[in-house]
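# Chains, contacts and geometry: an overview
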Amino acid sequence: MSIEVKNIRKTFGDFIALDDVSLSFPTGELVTLLGPSGCGKTTLLRIIAGLETADQGHVLLEGDDASETHVRERQVGFVFQHYALFRHMTVFENVAFGLRVKNKKERPSKEQINKKVHDLLNLVQLDWLHDRFPSQLSGGQRQRIALARALAVEPKVLLLDEPFGALDAKVRKELRRWLRKLHDELHITSILVTHDQEEALEVSDRVVLMNHGKVEQIGNPDEVYDHPATPFVYGFLGNVNFFHGRVEGTNIQVGDQNLKHGLDTGLAPGTPVVAFARPHELDIVPAIEGENKNSDGVLAQIDRILSFGATSRLELSAIENLEDSGLPQSFEVELSRAEVQKRQLTEGLQVRIIPSQLKVFQRT
Amino acid sequence: MKRASRFEKNAATREPRWVKGLLLFLSLSFFGFFLLLPLISVFAQALHKGWEVYLKAIFEPDALTAIKLSLTVALIAVPLNLVFGVAAAWAITKFDFKWKQLLITLIDLPFSVSPVIAGLVYVLVFGAQGWLGRGLAEHNIKIIFAVPGIVLATLFVTFPLVARELIPLMEAQGREEEEAATVLGANGWQTLWKVTLPNIKWGLLYGVILCNARAMGEFGAVSVVSGHIRGYTNTIPLHVEILYNEYNFAAAFAMASILALLALLTLAIKTYIEWHLRLETESKPLSMEANNETDL
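First, a word on scope: everything that follows refers to the structure included in this document. Everything quoted here is computed from the prediction, not taken from an experiment.

### Here's the deal with the sheet that holds strand S14 (residues 272–277) of chain A
Residues and elements named next belong to chain A. Here five strands make up an open sheet; going across it, the order is S13-S12-S11-S14-S20 and the pairing antiparallel. The sheet is open, and its two borders are formed by strand S13 (257–260) and strand S20 (359–362), each paired with just one other strand. Averaged over all neighbouring strand pairs, the angle between strand axes comes to 40°, with direction disregarded. Here S14 pairs with S20 via four bridges, running antiparallel. Pairing of Val274 across the sheet is with Phe361, part of S20.

In structure tokens:
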């Protein structure tokens, strides 16, 4: 089932949770709503489910306005962050709940319910736990039971509200792979809410980035990662270094130092900008004593070199005070371990940071 | 036992022996003199003229009416307050609305008002000289100095007990399970019977027990509205007072011993429920922490 939301607005007192949000979710896709806490993503999900009502705007399910349809009749499956399993029921009874509460005409027979529940428990690979109570399960197991319970009523849409948020990093990673596999088997239209960018990029067909109740960017994971549309998206997806400065032709003047960007930004000279670069997009050359201060790159000192695996992560701080806060601005650079050794980079060394690629946004 | 899991085993929080002794002595002697001794004296006084007098005092017609009336009042007031309590707690914890804080304050009102005032209020409203008194008299409806007045006064006094017990419990449990039930297609009744009530059953029972104890033992409010009509509007506590004022101590204590026995029974059930409640609330957070293992 396709979902469309049109001009949704929702406020809680003075707080604007959603500000004129319009989105469409095509059939069969797994879309992630990604953003920091308080950006309105969970509110949007709850409005789609019918657990919350929008102040303005419409939710269209399969093209029909669902604003008047009660949650019960929306045929959505909802998975909660804290599982919300019925604590006094066994795993089996939890999954069977949605079938048992159907009215007499639609309710399947006892044998049908029995078979269906065991099929679902097999699907989430937890049939062996069918007679346990939720309190006897691990967090990951509980969330899989919650998913089986949501799927029992054959929902046309699956809504997942930070489903892995309460789990530890390792279980989270395993579960999201498993969820992706499950989605590839079932092809049920799914919306997942998360604040974990790694999770969003890994699991979804498309990512919707939200901030302050507004949509910042929509795209598939590569698109949003490689071509962030706004400074917020750039900063939110992955580690990032930024330089505040002014446009000077094909350079950016940062303090009294220069960064080449070589792009046609179309911005007038002197325009204040912020330039972004990922840690792997920065290069380091040792600074030579007495060289021209205006030569390319930003002067910095290596504070720490962290080497695990194939790459080394270097933490640096600017020599010149670039931030208003009075703290020296810090940078993060990724180099291969071999490079670090070849260039004889050591902690405490003064270097120049030269970006190989920069993304420039006008400062507002 | 885990290391340092007990408060007194921890060197940093251990008190000198004499402090421990003094505290124990103070609390135990208080308990002995002010709680245990009176309780024993109730039974001793009741039986000091022998079993025959005791049983006679209980099976005297006026005494039997008093016992019957107390049970009737409890039987009406407790179920009503059970329904009110669940409804109020459900409304307060599962929904957001404008005058919620006012409603919570109102529920607490019977706790903050003296029972005598509560009784007096009913007299002023329903009594012969009261606001509604004339209208009621015309239709030959008697509320004050009759059973309905006693039931009303008891209802008022016991009103907060169930709701107060449920509100913190339901607040802690949150709304997610109800939301999950609704999304799965359950209607309001199904959610109430299959999800909410099973989750609060021990807390509810606890509230009902407290409510019942108070309903049978209430003196002040009932005393004002009952009119002390012997063999008609006397509850057990009122009957005890009358007998006592007539210097019929053996009979008074015999009746008092029935109330005391009811109280002890209530206490036993309460302890059992508390133990169950603790089991339920403890099993939850523990497994949340302990279960982040990697098996999937």
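### Some remarks on the nonpolar core
Of all hydrophobic cores here, the largest spans 42 residues; its most connected members are Leu33(A), Leu44(A), Phe97(A) and Leu159(A). With five residues, helix H1 (residues 41–49) of chain A is the single largest residue contributor to this core. Ignoring any residue separated from it by four or fewer positions in sequence, one finds Phe97(A) in contact with Phe86(A), Met89(A), Ala181(B), Leu184(B), Ala186(B), Lys194(B) and Val195(B). Ranked by size, the runner-up nonpolar core spans 36 residues in total, among them Leu30(A), Leu121(A), Ile145(A) and Leu175(A).

### As for a nonpolar patch on the surface
Together, Leu24(B), Leu28(B), Phe30(B), Phe31(B), Phe33(B), Phe34(B), Leu35(B), Leu36(B), Leu37(B) and Ile40(B) give the surface a local cluster of nonpolar side chains, amounting to about 1100 Å² of exposed area. With respect to the helices, strands and loops of the structure, Ile40(B) is situated in helix H1 (residues 17–47).

### Here we look at the interface of chain B and chain A
Counting residues at the interface gives 28 residues for chain B and 37 residues for chain A. When residues of the side of chain B that touches chain A are traced back to their parent elements, those giving at least two are helix H8 (176–183), helix H9 (188–217) and helix H12 (249–290) of chain B. No other element matches the seven residues that H8(B) contributes to the side of chain B that touches chain A. Grouping the amino acids of the side of chain B that touches chain A by side-chain chemistry returns nine nonpolar, twelve polar and seven charged.

### Considerations on the packing of aromatic side chains
All names here are of chain B. Scanning all chains against the criterion turns up 16 aromatic pairs over all chains. On the numbers, 6.1 Å between centres and 85° between planes, the contact of Tyr122 with Phe156 is edge-to-face. You can see Tyr122 sitting in helix H5 (residues 115–126) and its partner Phe156 sitting in helix H7 (residues 147–173), a full 34 residues away along the chain. Judged by its relative accessible area of 22%, Phe156 falls in the partly exposed class. Measuring from centroid to centroid gives 6.3 Å for Tyr247 and Phe249, while their planes differ by 90°, and the two rings are edge-to-face.

### Re the pairing of strand S16 (residues 298–308) of chain A
Residue and element names in this part refer to chain A. Here S16 pairs with strand S19 (residues 350–355) via four bridges, running antiparallel. Opposite Leu299, over in S19, you have Arg352 as the bridge partner. Once S16 ends, the chain turns through two residues before running back antiparallel as strand S17 (residues 311–318), passing Gly309 with a positive phi of about 75°.

What counts, and where the lines are drawn
- Residues numbered from 1 in each chain as written.
- Chains lettered and ligands numbered in written order.
- Predicted model: local features only at pLDDT ≥ 70, side-chain atom pairs only at ≥ 80, totals over all residues.
- Heavy atoms only, no water.
- Pairing = 2+ DSSP bridges.
- Helix = DSSP H or I, 4+ residues; strand = E, 2+ residues; numbered from the N terminus.
- Axes fitted to C-alpha atoms, helices over the stretch in contact; angles between N-to-C directions.
- Core = buried A, V, L, I, M, F, W, Y, C linked by side-chain atoms within 4.5 Å.
- Buried < 20%, exposed > 50% of the residue type's maximum accessible area, 1.4 Å probe, protein only.
- Contact = heavy atoms within 4.5 Å.
- Patch = residues over 30% accessible without salt bridge, like charges linked within 9 Å, V, L, I, M, F, W, Y side chains within 5 Å.
- Areas by Shrake-Rupley, 256 points an atom, 1.4 Å probe, with all protein chains shown as cover.
- Salt bridge = Lys/Arg side-chain N within 4 Å of Asp/Glu carboxyl O.
- Nonpolar A, V, L, I, M, F, W, Y, C, P; charged D, E, K, R; others polar.
- Phe/Tyr/Trp six-rings, centres within 6.5 Å; stacked < 30°, edge-to-face > 60°.

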